[in-house]
Amino acid sequence: MNLEKFYFPVAESHIALAENTLQGTSKIAGYKAIVAPQNNGHEKVISVVKDSYKLIPNRELIEPFLDQVSNLNVRWKIDPSHSFCQLNRMRLQITFPDILVKDEESEIPLSLYLHNSYDQSEGVRLFWGAIRSICTNGIVFGTLLGSFYSRHTRGFEFKNIHTQFDRATEKIGDVYERITHLRSTPVSESLIEDLQKTLGKKRLAEIMATDRLPDSSQWQLMNDITYYISHQVDKPKRGDLQLGVSKVFAL
């Protein structure tokens, strides 16, 4: 997967209010613009942020991250299935094809999801998750395997990915136990209520194709939901939904 589209140039710029032609412009104190310089010498404005915002270019985030992943001495790949890059935000998925959680239907390789934004829609985020082999469902295991979050108002650097990786792989058994529990637990009214808060009533009804309590296990319902998110929802909107669903199912 070519990462050059993630590495487009970004910079900070002053912002000002345009006044009349005699007075010129007046700089706005306390704020700045995040811009993408263009080949024609102009700049494309991505966002306006407070001066306290610390710009973290995608390249400065991704390259040290991939260096640490490479030092884990396990097989990995950049996975395009849930990766995307826009001017204002990005998500990069790394999948470890040999580190597996299994259920009765599919092998589920462990994944890492790295997030960044240039418009304060989210900070730097790193979630453990997985990808179902047979249907490329993206799943987040933030509750069981851990996650990382850093605001753009302070400095950032990756540390101890190796330690986090060891801790996560040691907890694979916890994930399997949770899946086993979900497979044997029927869907309840309280679960539906929590999912409606996360997904919305209309979207959940569309996924279940019924307005009644489904006669299925919680694990089956979760797979129906993650399939919908992974195939019917635009990539930039998947992460928050996947995280919200994982919290409802305590994954």
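Side note on the packing of aromatic side chains
Part 1 of the reasoning: All chains considered together, the criterion is met by four aromatic pairs.
Part 2 of the reasoning: Consider the rings of Phe 8 and Tyr 118, whose centres lie 6.0 Å apart with planes at 90 degrees: the pair is edge-to-face. On the criterion of sequence distance, the pair formed by Phe 8 in the segment before β1 (11-13) and Tyr 118 in the loop between β8 (107-117) and β9 (124-131) is long-range, its members being 110 residues apart.
Part 3 of the reasoning: Judged by centre distance (6.4 Å) and plane angle (35 degrees), the ring pair of Phe 96 and Trp 128 falls under tilted.

Section: unusual backbone geometry
Part 1 of the reasoning: Here the phi dihedral of Asn 73 falls at roughly 60 degrees; this positive angle occurs in a residue that is not glycine.
Part 2 of the reasoning: Looking at the secondary structure, you find Asn 73 in the loop between α1 (58-70) and β6 (77-85).
Part 3 of the reasoning: The exposure class of Asn 73 is exposed, given its relative accessible area of 71%.
Part 4 of the reasoning: Unlike most non-glycine residues, Ala 250 shows phi in positive territory, near 55 degrees.
Part 5 of the reasoning: With respect to the secondary-structure elements, Ala 250 resides in the segment after α8 (235-248).

What about the environment of Gly 146?
Part 1 of the reasoning: Here Gly 146 is to be found in the loop between α2 (142-145) and β11 (147-150).
Part 2 of the reasoning: Counting along the chain gives 20 residues from Gly 146 to Leu 126, while the straight-line C-alpha distance between them is 8.9 Å.
Part 3 of the reasoning: Here Gly 146 is in contact with Phe 127, Trp 128 and Phe 141, once residues within four sequence places are set aside.

Examining the environment of Phe 84
Part 1 of the reasoning: As for its position among the elements, Phe 84 is in strand β6.
Part 2 of the reasoning: Judged by its relative accessible area of 7%, Phe 84 is buried.
Part 3 of the reasoning: Taking C-alpha positions, Phe 84 is 9.8 Å from Asp 234, a pair spaced 150 residues apart along the chain.
Part 4 of the reasoning: Every residue in contact with Phe 84, bar those within four places of it in the chain, is listed here: Phe 6, Arg 89, Met 90, Arg 91, Lys 235 and Pro 236.

Side note on the pattern of salt bridges
Part 1 of the reasoning: If you walk through the whole model with that rule in mind, you get eight salt bridges.
Part 2 of the reasoning: Residue Arg 125 pairs with Glu 122 through a salt bridge whose shortest N-O separation is 2.6 Å.
Part 3 of the reasoning: Arg 125 sits in the buried class, given a relative accessible area of 10%.
Part 4 of the reasoning: Classification of Glu 122 by relative accessible area gives buried; the value is 6%.
Part 5 of the reasoning: A single network of salt bridges, built from pairs that share partners, joins Arg 89, Glu 122, Arg 125 and Asp 240.

Some details on the sheet that holds strand β5 (residues 43-50)
Part 1 of the reasoning: Across the sheet, three strands lie side by side as β1-β4-β5; this open sheet has antiparallel pairing. Every interior strand has two partners, whereas the edge strands, β1 and β5, have only one. Shown here is a sheet whose adjacent strand axes are inclined to one another by a mean of 35 degrees, direction ignored.
Part 2 of the reasoning: Strand direction decides the pairing type here: strand β4 (residues 31-37) and β5, joined by seven bridges, are antiparallel. If you follow Lys 32 over to β5, its bridge partner there is Val 49.

How each quantity is defined
- Residues numbered from 1 in each chain as written.
- Predicted model: local features only at pLDDT ≥ 70, side-chain atom pairs only at ≥ 80, totals over all residues.
- Heavy atoms only, no water.
- Phe/Tyr/Trp six-rings, centres within 6.5 Å; stacked < 30°, edge-to-face > 60°.
- Helix = DSSP H or I, 4+ residues; strand = E, 2+ residues; numbered from the N terminus.
- Buried < 20%, exposed > 50% of the residue type's maximum accessible area, 1.4 Å probe, protein only.
- Contact = heavy atoms within 4.5 Å.
- Salt bridge = Lys/Arg side-chain N within 4 Å of Asp/Glu carboxyl O.
- Pairing = 2+ DSSP bridges.
- Axes fitted to C-alpha atoms, helices over the stretch in contact; angles between N-to-C directions.

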